Each structure stands twice: as structure tokens, then as C-alpha cells.
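# Report on the structure
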Amino acid sequence: MHKNFRTSLWTIALAISSYSVHAQQPANAKLSEVCPIPAPLFDAPTHPITGLPTGAIGVRANRADIDSTTQVASFYGDVEVQLDAQQLRTQQAQINQQTGNINASGATRFTNGYVQVASENFRLNSGENRAFLSGARYQLTATGAHGKADVLSLSPQRVVLEGSTFTTCPGDNPAWQMSAQEISLSEDEEWGEAWHAKFELFGMPVLYIPYMNFPVTDARKSGFLFPTFRSSQKNGFEVEAPYYINIAPNMDATIAPRYMAERGLQMQGEFRFLSETSHGQYNLAYLENDDSTVDNDARYLWRIEQSHIWGDHWRGYINGTFISDDDYLNDLGSDFAGRADAQLYRHAQLDYLTDDWQVTLRAEDFELLGNYRSPYRTMPQITSHYSHSSPLDLDFTLFSELSHFRNQDDSTDTATRVHLEPQLRYHLEHPGFDWLAELSYAYTYYDQEQNLATGLTANPTRSLPTFRWRGRVNLERSVEIGDESYLHTLQPQIQYLYTPYRDQSGIGIYDSTLMQDDYQGLFRARRFSGLDRIADANQATVGVSTSLFDTQARELARVSFGQIYYFENSQTQLLESADENLASRSDLALETRFRINNNMYFNSSIQYNLELHRTRKSQTTIEYRKDEFNLIQFSHRTVTNLLEEDVEQVGMIGVVELSPRWQMASNWYYDLANSRTNDALIALQYSDCCWAMRISGYRRINRNLEFNTGLPQIGAPEFDNGVSIQFIIKGLGSDNRSLLDLLEQSLFGYRHPFHLSN
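Residues numbered from 1 in each chain as written. Predicted model: local features only at pLDDT ≥ 70, side-chain atom pairs only at ≥ 80, totals over all residues. Heavy atoms only, no water.

Right, let's get into the overall build of the chain. When helices and strands are tallied, the chain shows 3 helices and 41 strands. When each of the 758 residues of the chain is scored for burial, the buried share is 44%. Of all intrachain contacts in the chain linking residues separated by at least 6 positions in sequence, the fraction that spans at least 24 positions is 49%. When the accessible surface of the chain is split by element, carbon and sulfur atoms take 53% of a total near 37900 Å². (Helix = DSSP H or I, 4+ residues; strand = E, 2+ residues; numbered from the N terminus. Buried < 20%, exposed > 50% of the residue type's maximum accessible area, 1.4 Å probe, protein only. Contact = heavy atoms within 4.5 Å. Areas by Shrake-Rupley, 256 points an atom, 1.4 Å probe, with all protein chains shown as cover.)

What follows is the structure, encoded as C-alpha cells:
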């Protein structure tokens, strides 16, 4: 069963009061301290009657009288009656030996393993195999759900309560309870039904429901999930009422109408399935007329994700998100892409795998959000990778690729690329050192006859050999710091890379971009991703990394830094108009990681230009993380000349458990370059044993990428403000997510400390 399949609530539409707002239940283990597992109504017999045949009635009492005429046996004093899994304890009981009927008067305690009942009397109709108890208090054994009933009747796998109440809250004064004319609980199907039910919060009736059903365990069942209420400047008042459909044990769907006062009614749907060889999820969101836009256009999002395995060698996967316009994510949001995402990536592929071969058929597409030139689609791409290892540590690989590119905006703008690259590799590895030698030869052919008007060559070819040699030394020693012993490692490494220059100005740019020059990136064999540009190189890279480990082999600290020294300046640029790199060395790449203690971490990545004496890129985070409910992170990042602008931002994100019941979360990201807050959120959540409520408010910069809303597009940026109130009744369906999930949905979501690596 897929672990994210959800639990349903109600199977009929219902009127929503001001109290019935949806919230997400925090998975807070500490609540068990104030929400202990309910104790049973009474203890099981310490010495049950043993050796009874199936269907036989066993009785134990202080005194027994048997009327031979009526065949009625009367028992008095500490009476215990046992029939299979059913057990009855009372002070007085009568058993008709002919019919098997049982009557008990006075205080009785009954259990059948599924439910415990304390009542004023007990009656068993053996012919119908049904028991009746009056003035009953009951409790479900597995879940602790409990209540009262004027009359409680029991039959195999079913409990019927008349004039009854039901709640999963502990105690005699529950925060919520349901009172109904009749409640039916099914042991096999793990759900209940109620007729003429009143829903009460803190003793106050807030909702009348002629009929409803609800889960009494975590089992899934079709029905309404709790609605969500929100409010924002962009969307106005919002209400979302999901309906869950349990199609099969491995298949479900959700339909979620979402009404926005400023935009209209949006319909959302989700379908999921899971099997031994495949899984998939399909999503659709459609807003027929967006009342907030000038053109009143329809807006939509649809997404597909599916994987499949055929036998031992074949694999298939498809994943893609499609939107009607570039502003969709910013305006309407999505669980599958962030509001700050600059692009959507979509691809489908089919893999064939053996011990030596991997062949892939792929189609991929990037959609850039905003007023940018659309990248090329790869429709399709076929790659193969063959590898073979000899006993002499000599490895041979053969990589080949056939790619067809098509411009998203101009179907006549196409190109085909054929690439073949054999490589010979020798790798020698010892505990104290290792070194690697690679020799490869890359041959590439292009068919660009459709692009001659752009100044490209019709059928250019390129042949490039590459030689790379890298050596590392692994040094270690034991050190004493204070009274503790540590292992100190030092790993210097050097790499030489040579690729001759070839004129590539006649080749178009289809899938290449400049890669990051972080510490690990300094030791790559190529500067550009893709194959449209292979940079010439005659250079040496020098770097060193040192670490400190404790006796449990935990890395407490790491410092790495390195730099490339150019013997010749590289003439190959991504864009021919770009200035040639005349520097004699690259930026200094520095990375540090410190485990200050078991809960606090410091990470930093810096790329520093020693000639200009300025930081080009940096990312620094310090984080305290006790658990999912207690963490705080401070961050700072800078990027120079990003789209001809410098970026410098500081941020804070935190989740704090004020008490086992109270949680607070907040984030704040401030743009130092423009002196403004780009994103801020604060949320407060109360979680009790059986209900929870969350109140949150946010302010974030509005990214208008496409639509003309009639608002000025210059001057001060536009901001969107909003509030949200969410409420949940636990025990009638929930999802176990914490406030950290709320922060991850903001413009700049929470991330574990990371570096400037690709």
C-alpha cells in the first residue's frame, strides 16, 4: 500500500459552520505525553475459563441454582460467562439451557475483543446471536474511541448504538463528540455510520447531519475531507473542499473544488495507482474563467508522473508538469512546483539495461517562465553507454548519442547531432593514494541545414581528443584535543587536463550551458554541460581537503579549497560575443562544513576572485536542528552579475515547539541589494489530543511574468498578503504533516544546508 494514501471523512455533502475549517495534524510524538493511550474500561479476567469447545458457554460463579423444569440456570456473586471471544462479568445472570439466551441484571461488563461495554443490564438472544445492553458506556479496544448509548446491540462484526455519542477524545468532557439517533460501527470494514447526527465542539452543537459515515481506524474510505479556508489579496476569500474516492486497495482519486472570490471556481483532480511493477499519479487543475485578469482567460495545470518495470532489463519513466501561462504558479500555486521556480522540466524515457550496456530513448523539454527565448526540445534522444573492465584495472567505455532538437517557437528550426566518444581509463587505488588517467576521443556531426540563415554551418564536424590525469594522496593521523581523540585526514590532489582548440562557431547552442565552478567542479573534465561546446584546456587544478572525525567516524569538520591554473587561455566560449577569458587562474573555491555539536551545523561555499578581490558567489548557513519540531536556520547568499544584477540576501527560517501542544513557525528573507523583504511568513499552531488549529499569515513579492493585470509594472514591486485558518478534528481523518511542510511551500522554502554545486 502506498504510504501517502489518505483517510476519508464524510461521504455526503454537508453544510460547513465557522468551526469546520481544515487543518493538518502535526506528527508530534511529544503529544503522547499529554495524550496517553486510553486505558481500557476494565481489566480482562486474570483467569479466563479454558478448554471450552467452540460455541459452548462456560460459567463461573459463587453460587448456582438450576430449575430442572424450565432448564434455566441462575448464577449469583462474581459471575463470569464466557462464549468463544465474548466475556461477561456481572453479579447475577440467568442462562436458558435450551435456547442459550442469557440475561444479566445490575452492573455488567462485557467485551468481545473489539469493544468493551459497561452497562446497567445485559441480554443475549442466542438464536439471533445478538446481545443488547442498556445504559451503556463503551470503548473500542483498538482505537480508544468511546461514548455512551441508551441501548447498545452487538452482533458478529457490528455494533449498533441508539441514543448514543461517539468521540476519540480522552476524558469525560471531550473537545468534540458526535451524538446521533443511531450509530453503527463495523469491525470488518473499520468504519461507522450515523443517522440524525449532531456534531458538538466544546459542548456546543455546531452542525446537524442527516446521515454520515466516518473511519474509526486509519482505513481509507470514500468521502469528504476537511475543507480549507484561506484569504489573500490576490485570490480573496478561498474555500477548498476535497472529496476522496477509494477506488481499490491500490488505487484512489481526489476531486477538490476550490472557490476563490477574486478568480472564480477552480476544479482540481488527482488519480493515483500502485502495483508491483509500476506506479503513477495524474493531476489536473482547471479554472475556466479567471475573473481577476483582463482577458478573463481559462487557466490550467496538468501533471503526469509514471514509472514501469518490464522484466529484468526494461525500465520506463515519464514526468511532466504543464501550465497555461507563466504566472500560474505565482498566482494559484501548486504542490509540484515552487512559486519561485524559473522553469519546468519535462521528460520521458525508456531504458534497456544489461551488465555492460545501458541504452536510453529520451524526450525532454524545458519551459522557461518569463520573457526569455525558449530552449530547444530534444525530440528524441538516443544514448548508449558500453563499459568493460579488464583484470589490469584498465576500463574501456564507449558513449554514443543521437539527438534531434526542435525549437519550441519555430517548428522549422531543427538540428540533428550525432556523437561518438570512446574512452580508455586506468585507475590505480591504494589506501595511501590513488590516481586516474583518461584518454578519450570525441567525434560530433551536426545537421543544421534549417539554420543557415543564422550564420551556422550546414554540416559541421568536430574531432577532439582529451587527456586527463588526476592524483590524490590520502594522509591521516590521530590527534588529541582536550581529553578526546580524533582522526585528522588531509587529501591534497592535483589534476592536469588537456583538450586542443577547435573552432566551434559554426555550431548552434542546443543543450549547453556553463557549469558551476565549485570545489568539486574544478576537477571536471569539461566546463560546459551538453555537447555543443567542448572547451579547449591546458590547465592544472590544485586542491586540498582536510577533515576531522570523532571516534564514531562522524565528520566534525571539513575545509576544502582549490583553484585552476591556466597554461593557455581558453578560446572556446558559450556565446561568441562573450569576452575571452584572459585570467591566468580561476576563482578560488572554498567550502567549509562544521558539525558544532549533535544539533548545530555550519556550512559555507565561496567563490572568490583573487584578481578583482571580490566574492562572486557565496552561500552560508548556520542551523540548529533538534528534531522536526525544533529548528532554526540563518542563511546569507550573494551572486554577482546574475542577469546583469547583483544579488545579496539574508534569510531566517524556524520551527519552535513552545510546548507539547503549541508550535510556532516563521520565515523571513530580506533583499539587501534593494532593501526590502521578499518573503515572510508566520504561523501558530495548537495541537490537542483530538483537534488542532493553525493560523498563519504571509507577505511575499509578486512575480508578474506574463499577465497584464492593469497594475503599474514599474516602480515599487507589488506584494501579496494573505492569511489562513485551518482546523482539524482528529480521529475522523487527518494527514500527518508538521509546520515545516508549510514553510517548504513558501517562496523560498526550507532546504537543508547546501553548497554551490550543480
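Let's pick the thread back up.
What follows concerns the packing of aromatic side chains. Using the criterion set out here, one finds 20 aromatic pairs in the structure. For the ring pair Y426 and W435, a centre distance of 5.5 Å and an interplane angle of 55° mean the geometry is tilted. Three or more aromatic residues link up through ring pairs in this structure, and these residues are Y376, F405, Y446 and Y510. (Phe/Tyr/Trp six-rings, centres within 6.5 Å; stacked < 30°, edge-to-face > 60°.)

Turning our attention to the pattern of salt bridges. What the rule picks out here adds up to 26 salt bridges. With a closest N to O distance of 2.9 Å, E367 and R346 form a salt bridge. Here E367 is found in strand β23 (residues 357-368), whereas its partner R346 is found in strand β22 (residues 343-353), with 21 residues between them in sequence. The structure contains a network of salt bridges with shared partners spanning K234, R263, D290, R299, D325 and D331. (Salt bridge = Lys/Arg side-chain N within 4 Å of Asp/Glu carboxyl O.)

As a further point, take unusual backbone geometry. The phi torsion of most residues other than glycine is negative, and most of the peptide bonds are trans. At the junction of M379 and P380, the peptide bond is cis and its omega measures out at -5° in the coordinates. Tracing the backbone shows P380 in strand β24 (residues 376-389). Even without a glycine there, the phi angle at N296 is positive, about 55°. By secondary structure assignment, the location of N296 is in the loop between β19 (278-287) and β20 (299-310).

A word on the pairing of strand β7 (residues 130-140). Here 9 bridges tie strand β6 (residues 115-125) to β7, and the two strands are oriented antiparallel to one another. Within β7, the residue paired with N125 across the bridge is R130. Taking the residues between adjacent antiparallel strands as the criterion, β6 and β7 are bridged by 4 residues, where N129 takes a positive phi near 50°. Bridge count between β7 and strand β8 (residues 146-155): 8 bridges; the pairing is antiparallel. Among the inter-strand pairings, A131 is bridged to a residue of β8, identified as L154. As consecutive antiparallel partners, β7 and β8 are separated by 5 residues, and within that stretch G144 has a phi angle of approximately 85°, a positive value. (Pairing = 2+ DSSP bridges.)

By the element assignment, G654 lies in strand β37 (residues 645-657). Overall, the relative accessible area of 8% leaves G654 in the buried class. Note: C-alpha distance between G654 and L631 (23 residues apart in sequence) is 5.4 Å.

Overall, the prediction assigns the chain a mean pLDDT of 82, with 86% of residues at 70 or greater. Taking the mean pLDDT of every element in the chain, the minimum, 51, falls on helix α1 (residues 31-34) and the maximum, 96, on strand β28 (residues 461-473). Every residue in residues 733-737 is under pLDDT 50, and counting partners more than four places away or in other chains gives 19 contacts. The low-confidence segment residues 753-758 (pLDDT under 50) makes 23 contacts with residues lying over four places distant or belonging to another chain. (pLDDT = per-residue confidence, 0-100.)

Another aspect to go through is the environment of S560. Along the polypeptide, S560 turns up in strand β32 (residues 555-566). Between the C-alpha atom of S560 and that of S545, which follows or precedes it by 15 residues, the distance is 4.1 Å. Non-local contacts of S560, meaning those with residues more than four positions away in its chain, are made with Y519, V544, S545, A589, L590 and E591.

This paragraph deals with a nonpolar patch on the surface. Together, L392, L394, F396, L424, L439, F467, W469, I494, Y498, V542 and Y565 make up a nonpolar patch on the protein surface, roughly 970 Å² of accessible area in all. Relative to the assigned elements, L394 resides in strand β25 (residues 394-407). (Patch = residues over 30% accessible without salt bridge, like charges linked within 9 Å, V, L, I, M, F, W, Y side chains within 5 Å.)

Next up on the list: the pairing of strand β39 (residues 676-687). Bridge count between strand β38 (residues 662-671) and β39: 10 bridges; the pairing is antiparallel. Residue pairing across strands places Q663 opposite Q685, the latter belonging to β39. Connecting β38 to the antiparallel partner β39 that follows it, the hairpin turn spans 4 residues, and S675 within it adopts a positive phi of roughly 55°. Here β39 pairs with strand β40 (residues 691-701) via 9 bridges, running antiparallel. Its bridge partner lying in β40, Y686 is registered against M693. Connecting the antiparallel pair β39 and β40 is a turn made up of 3 residues.

This next bit is on the side chain of E401. In this fold, E401 is placed in strand β25. Residue E401 is classed as buried on the basis of its relative accessible area, which comes to 8%. A polar side-chain atom of E401 sits 2.7 Å from a polar atom in the side chain of S403. Among the polar contacts listed, one links the side chain of E401 to the side chain of R417, at a separation of 2.5 Å. (Polar contact = N/O pair within 3.5 Å; in protein donor to acceptor, adjacent residues only side chain to side chain.)

Turning our attention to the environment of A342. With respect to the helices and strands, the residue A342 is situated in the loop between α2 (328-332) and β22. Judged by relative accessible area, A342 falls into the partly exposed class, the value being 48%. Spatially, the C-alpha atoms of A342 and E367 are 8.6 Å apart, while their sequence positions differ by 25 residues. If we ignore the near neighbours within four places in the chain, the residues touching A342 are E367, L368 and L369.

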